[in-house]
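Below are the chains, spelled out letter by letter.
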Amino acid sequence: MARVAVIGAGTMGHALALVFALGGHRVRLTDSNPETLAKAQGLMETALATLVEGGEAPKDWTSGHLAQAVTRHESLEEAVDGAELIVEAIIEVPEAKRALYERLDACAPPDAAIASNTSHLDVFPLIPAARQRRAMIAHWYTPPYLVDLVDMIPGPQCEPAAFEQVFGMLKAMGKQPLGLKKFVPGYVANRIQAAIGLEVQHLLDEGVATAPEIDAAIIHGLALRLPILGYYAKADFTGLPLMQAVGRNKSYTPPEPRGSSPVLDRLVAEGRTGVLAGAGYYDWPDDPAKLFEARDRRLIALKQAMREIGTMAGLERDA
Ligand SMILES: NC(=O)C1=CN([C@@H]2O[C@H](COP(=O)(O)OP(=O)(O)OC[C@H]3O[C@@H](n4cnc5c(N)ncnc54)[C@H](O)[C@@H]3O)[C@@H](O)[C@H]2O)C=CC1
Ligand SMILES: O=C(O)[C@@H](O)C(=O)[C@H](O)[C@@H](O)CO
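Conventions and cut-offs
- Residues numbered from 1 in each chain as written.
- Chains lettered and ligands numbered in written order.
- Predicted model: local features only at pLDDT ≥ 70, side-chain atom pairs only at ≥ 80, totals over all residues.
- Heavy atoms only, no water.
- Helix = DSSP H or I, 4+ residues; strand = E, 2+ residues; numbered from the N terminus.
- Rg over C-alpha atoms; globule rule 2.2 N^0.38 Å.
- Buried < 20%, exposed > 50% of the residue type's maximum accessible area, 1.4 Å probe, protein only.
- Contact = heavy atoms within 4.5 Å.
- Lys, Arg positive; Asp, Glu negative; His and termini not counted.
- Charge placed at Lys NZ, Arg CZ, Asp CG, Glu CD.
- Axes fitted to C-alpha atoms, helices over the stretch in contact; angles between N-to-C directions.
- Parallel < 35°, antiparallel > 145°, perpendicular 65-115°, else oblique.
- Left-handed = near helix turned anticlockwise from the far one by under 90°.
- Nonpolar A, V, L, I, M, F, W, Y, C, P; charged D, E, K, R; others polar.
- Near = heavy atom within 4 Å.
- Polar contact = N/O pair within 3.5 Å; in protein donor to acceptor, adjacent residues only side chain to side chain.
- Areas by Shrake-Rupley, 256 points an atom, 1.4 Å probe, with all protein chains shown as cover.
- 1 Å grid on protein atoms, 1.4 Å probe; cavity = no way out; pocket = protein on both sides within 12 Å on 5 of 7 lines; lining within 4 Å.
- Points joined across faces, edges and corners; volume = space filled by probe spheres on them.

A. View of the overall build of the protein. For the protein, the count of helices and strands is 13 helices and eight strands. Against the 2.2 N^0.38 benchmark of 20 Å for 319 residues, the protein shows a C-alpha radius of gyration of 21 Å, consistent with a compact globule. If one aligns the C-alpha atoms of the protein with their principal axes, the spans along those axes are about 60 × 45 × 45 Å. Burial statistics for the protein: of 319 residues in total, 39% are counted as buried. Put simply, of all contacts in the protein between residues at least 6 apart along the chain, 62% involve residues at least 24 apart. For the protein, the distance from the average position of its 31 positive side-chain charges to the average position of its 39 negative side-chain charges is 4 Å.

What follows is the structure in structure tokens.
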């Protein structure tokens, strides 16, 4: 059992607090916004209930267990007191992260490891020198209590033992940490997701298809094969000479990254910021907690089916 502090109780932070609690650790959760910190309890309890009901968390885990495993603290100093691992899950704003790391340098235990959940940022230059020896990225995917991949990148001065300790902790929690030798913005899966994002935003912005049509193309065209074949096993079934021809013919040229999407900017300007706002690319009229629950139930069913089905690709291929 380790003492883990999670900084940031938003979309990822509340879920990460639950992941580490279910992993048998003692968690302290904090957020600079007291309202978000207060809401985190209900979000964790809803997610826990869905996991228990779906057989992805021990049957005897109640909100009482959760309350013992995860405590919420408005004070950053209190949250990191005694922490062996500090998970940073605050907003993806470099200056906000830099300021937080400065504060952590002043108040966190000297030997605490700091693991950032940043999606794409090279956070290491933002971390004070004294903290570099135990600084790393541990990037999770939402929801982290169901998606097992964790991109793990040691900071340039991170001690191997510190990195291995956190890596081993995540493995012991049943997660799939993927260690990368060096920082690459977006790691592997996030880069692929960003490339998809560039393409689908282009298709939407250019009026080629609507968001539901593009999602339908992904769901009915690509999604079925991905869990079984990934990219490379699928290429083997396609035939590599055709893969060569597609490249040789320069059949695909990616859209120029523009750094913004007119449709996305319009949606945000209209307050359509996603599920928590009741609308984004889609309308989401139901209570957000019910929507997260509905998402998680489906992900649990799919994850359990995949355990039965197995895969023909990846590090655990059983072909
Ligand atoms: N949302 C997602 O699906 C994923 C996000 N990430 C990354 O995780 C990090 C957090 O993302 P989200 O949870 O989506 O953001 P969020 O906006 O939902 O939550 C971030 C929280 O950080 C808090 N915060 C800001 N400054 C703080 C400070 N100095 N001290 C304490 N709390 C502070 C905010 O009040 C907010 O509640 C970002 O780096 C993001 O790139 C990574 C994987 C997935
Ligand atoms: O998809 C995820 O959960 C992660 O890859 C993320 O970091 C965020 O979603 C972000 O990259 C936006 O796609």
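B. Here's a closer look at the packing of helix α7 (residues 189-205) against helix α8 (residues 211-222). In contact at an axis separation of 10 Å, α7 and α8 are set at 140° when each is read in the N-to-C sense. The orientation of α7 relative to α8 falls into the category oblique. α8 is crossed by α7, and the crossing has right-handed handedness. On α8, the residues touching V200, L203 and L204 of α7 are A211, I214 and I218.

C. Examining the packing of helix α1 (residues 13-22) against helix α2 (residues 34-53) more closely. The geometry of α1 relative to α2 is characterised by a closest axis approach of 9 Å and an angle of 50° between their N-to-C directions. One way to sum up the angle between α1 and α2 is to call them oblique. When the axes of α1 and α2 are compared, the crossing they make is right-handed. Contacts between α1 and α2 pair H14, A17, L18 and L22 from the former with A40, L43, M44, A47, L48 and L51 from the latter. Among the residues making up the contact of α1 with α2, the classes are represented as nine nonpolar, one polar and no charged.

D. Just the site of ligand 2, in detail. Taken together, S119, H120, H139, Y141, T142, N190 and Q193 make up the full set of residues adjacent to ligand 2. Residue N190 places a side-chain N or O atom 2.3 Å away from an oxygen atom belonging to ligand 2. Contact between ligand 2 and Q193: an oxygen atom at 2.8 Å from a side-chain N or O atom of the residue. Within the complex, the protein chains bury 64% of what would otherwise be the 320 Å² of accessible surface of ligand 2. Here the residues of the shell around ligand 2 are counted per class, giving one nonpolar, six polar and no charged.

E. The layout of surface pockets, seen in detail. In this structure, the second largest pocket spans a volume of roughly 230 Å³. Taken together, 14 residues make up the lining of the second largest pocket; nearest its centre are L22, E56, Y145, M173 and K175. Elements represented by at least two residues in the lining of the second largest pocket include exactly α1 and α13 (288-309). Classifying every residue of the lining of the second largest pocket by side-chain character gives seven nonpolar, two polar and five charged.

These figures capture arrangement, not role.
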